[in-house]
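Remarks on the overall topology
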Amino acid sequence: MKILLVGALGTVGRAVAAELGSRHEIVVAGRKGADLPLDLADPASLRAAFQRLGTVDAIVSAAGQVGWAPLLELTDEQWRFSLAHKLMGQVNLALIGQAHLRDGGSITLTSGVLNHDPVAYGAAASLANGGIEGFVRAASVELPRGLRINAVSPGVLVESMEDLGAFFRGFQPVPGARVALGYARSVEGGESGKVYAVH
Ligand SMILES: NC(=O)c1ccc[n+]([C@@H]2O[C@H](COP(=O)([O-])OP(=O)(O)OC[C@H]3O[C@@H](n4cnc5c(N)ncnc54)[C@H](OP(=O)(O)O)[C@@H]3O)[C@@H](O)[C@H]2O)c1
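Overview of the structure. Here the residue index of a chain counts from 1 through its sequence in written order. pLDDT decides what is reported in this predicted model: residues at 70 or higher carry local features, side-chain atom pairs at 80 or more are listed and counted, and totals for whole chains, interfaces and linings draw on all residues regardless. To obtain the side-chain values, all non-hydrogen atoms of the structure were used and water was disregarded.

**A look at the site of the ligand**
- Note on terminology: near, applied to a residue and a molecule or strand, indicates that one of the residue's heavy atoms is within 4 Å of it. The local shell around the ligand holds 26 residues, among which Val12, Arg31, Leu40, Lys86 and Leu157 are the closest.
- Contacts described as polar in this section are N or O atom pairs within 3.5 Å, which, within protein, must combine one atom able to donate a hydrogen with one able to accept it, while residues neighboring in sequence count only if both atoms come from side chains. A distance of 2.8 Å is found between an oxygen atom of the ligand and a backbone nitrogen or oxygen belonging to Arg31.
- Ala63 is positioned such that a nitrogen or oxygen atom in its backbone is 3.1 Å from an oxygen atom of the ligand.
- All accessible areas in this document rest on Shrake-Rupley with a 1.4 Å probe, and a residue is counted as covered only by the protein chains that are shown. Isolated, the ligand exposes 890 Å² of accessible area, and the fraction of that covered by the protein chains is 81%.
- A cavity, in this analysis, means grid points on a 1 Å lattice covering only the protein atoms where a 1.4 Å probe fits yet has no way out; a pocket is instead an open set bounded by protein on both sides within 12 Å along at least five of seven lines, and a residue lines either one if it has an atom within 4 Å of a point. To qualify as sitting in a cavity or pocket, a molecule needs more than half of its atoms within 2 Å of the grid points. Cavity membership is defined here by more than half of the atoms lying within 2 Å of grid points; on that basis the ligand lies in the largest pocket.
- A run of H or I in DSSP counts as a helix once it spans at least four residues, and a run of E counts as a strand once it spans at least two, with each numbered from the N terminus. Only α1 (11-20) and α3 (76-97) provide two or more residues apiece to the shell around the ligand.
- Split into classes, the residues belonging to the shell around the ligand amount to 11 nonpolar, 11 polar and four charged. Residues are grouped as follows: nonpolar covers Ala, Val, Leu, Ile, Met, Phe, Trp, Tyr, Cys and Pro; charged covers Asp, Glu, Lys and Arg; every other residue, Gly included, is treated as polar.

**Section: the sheet that holds strand β7 (residues 195-198)**
- At least two DSSP bridges between two strands are required for those strands to pair. What the seven strands build is an open sheet, ordered β3-β2-β1-β4-β5-β6-β7; its pairing is parallel. Each having just a single partner strand, β3 (36-37) and β7 make up the two edges of the open sheet.
- By definition in these notes, contact holds between two residues if any of their heavy atoms fall within 4.5 Å. Axes here refer to lines fitted to C-alpha atoms; in helices the fit is confined to the stretch in contact. Angles between the N-to-C directions go from 0 to 180 degrees. Seen against the sheet, helix α6 (residues 176-188) touches β1 (2-6), β4 (56-61), β5 (101-110), β6 (148-154) and β7 and runs at an angle of roughly 170° to β6.

**Looking at the layout of surface pockets**
- Here the largest pocket defines a volume of roughly 1100 Å³.
- Forming the boundary of the largest pocket are 42 residues, of which Val12, Ala62, Ala63, Gly64 and Gln65 lie nearest the centre.
- Within the residue set of the lining of the largest pocket, elements represented by two or more residues are α1, β2 (25-30), α3, α4 (123-142) and α5 (161-164).
- Ranked by the residues each element gives to the lining of the largest pocket, the list is headed by α1, at four residues.
- When its residues are assigned to classes, the lining of the largest pocket shows 21 nonpolar, 14 polar and seven charged. Grid points are joined across faces, edges and corners, and a volume is the space filled by probe spheres set on the points.

**Description of the environment of Ile26**
- Residue placement: Ile26 occurs in strand β2.
- When neighbours within four sequence positions are excluded, Ile26 is seen to be in contact with Ile3, Leu5, Leu20 and Gly21.

**A few points about the packing of aromatic side chains**
- In this analysis, rings of Phe, Tyr and Trp, with Trp reduced to its six-membered ring, are considered paired at centre separations within 6.5 Å, and the interplanar angle assigns stacked below 30 degrees, edge-to-face beyond 60, and tilted for intermediate values. Under the criterion given, the structure shown has four aromatic pairs.
- Ring geometry for Tyr121 versus Phe167: centroids 5.9 Å apart, planes at 55°, classification tilted. Of this pair, Tyr121 sits in the loop between β5 and α4 while Phe167 sits in the loop between α5 and α6; the two residues are 46 residues apart in sequence, bridging distant segments of the chain.
- For the exposure calls, accessible area comes from a 1.4 Å probe over protein chains only, and a residue counts as buried if that area is under 20% of its type's maximum, exposed if over 50%, partly exposed in between. For Phe167, a relative accessible area of 28% corresponds to the partly exposed category.
- Each ring, one from Phe168 and one from Phe171, has its centre 5.2 Å from the other, and the planes form 85°; the classification is edge-to-face.
- Aromatic rings pair up to connect Trp68, Tyr121, Phe167, Phe168 and Phe171 into one cluster.

Next up, the structure:
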């Protein structure tokens, strides 16, 4: 398969590229240093990237930034940023990208453990994750041409504990290689409308 992987150079994305890259062609997409430059928060850049890319078999997002702050200190700008990047960025990737998938192709988005297991400072992440999971379930009902869509909900990665460990005390960190299996199930399996939790 030819797989567009947004965020391929990030922590989750590198693990996904290692898993899927052994069997498939990966197109590395992101804002900096990528083969295919695009910005999830900018629909025009998504349209331009897909025009350049042509048709693919699968679209995977391992990206989506959010603001982190105490609930009552999250600014309007941080809420908007989180929705524009992690939620609507990935929604737009799916909506714009679906037209560039071959029949029966798949879309895989990223949510996260904070949808169901919240932590302090993570309200914007929880909001975006819940939105992604609801979107995926709903979109699976209506996508045409046998297209599939799923989400992967990673727990905190072992590889991210140095940066995120203070937010996730008591959580069992998950190796990136295990999280990557959720993406493989979505891309290489046959299901749609699923959320693969790897916690
Ligand atoms: N790491 C964890 O433990 C963990 C746990 C649960 C969920 N998640 C979720 O997994 C996703 C990836 O997390 P991560 O830890 O791998 O992040 P990361 O290490 O910061 O990597 C993010 C990747 O996405 C790209 N990216 C960021 N914003 C983008 C944009 N607007 N348009 C296009 N590409 C963009 C980045 O490259 P550029 O900056 O060059 O664009 C980078 O390659 C996020 O949605 C995160 O919430 C992560």
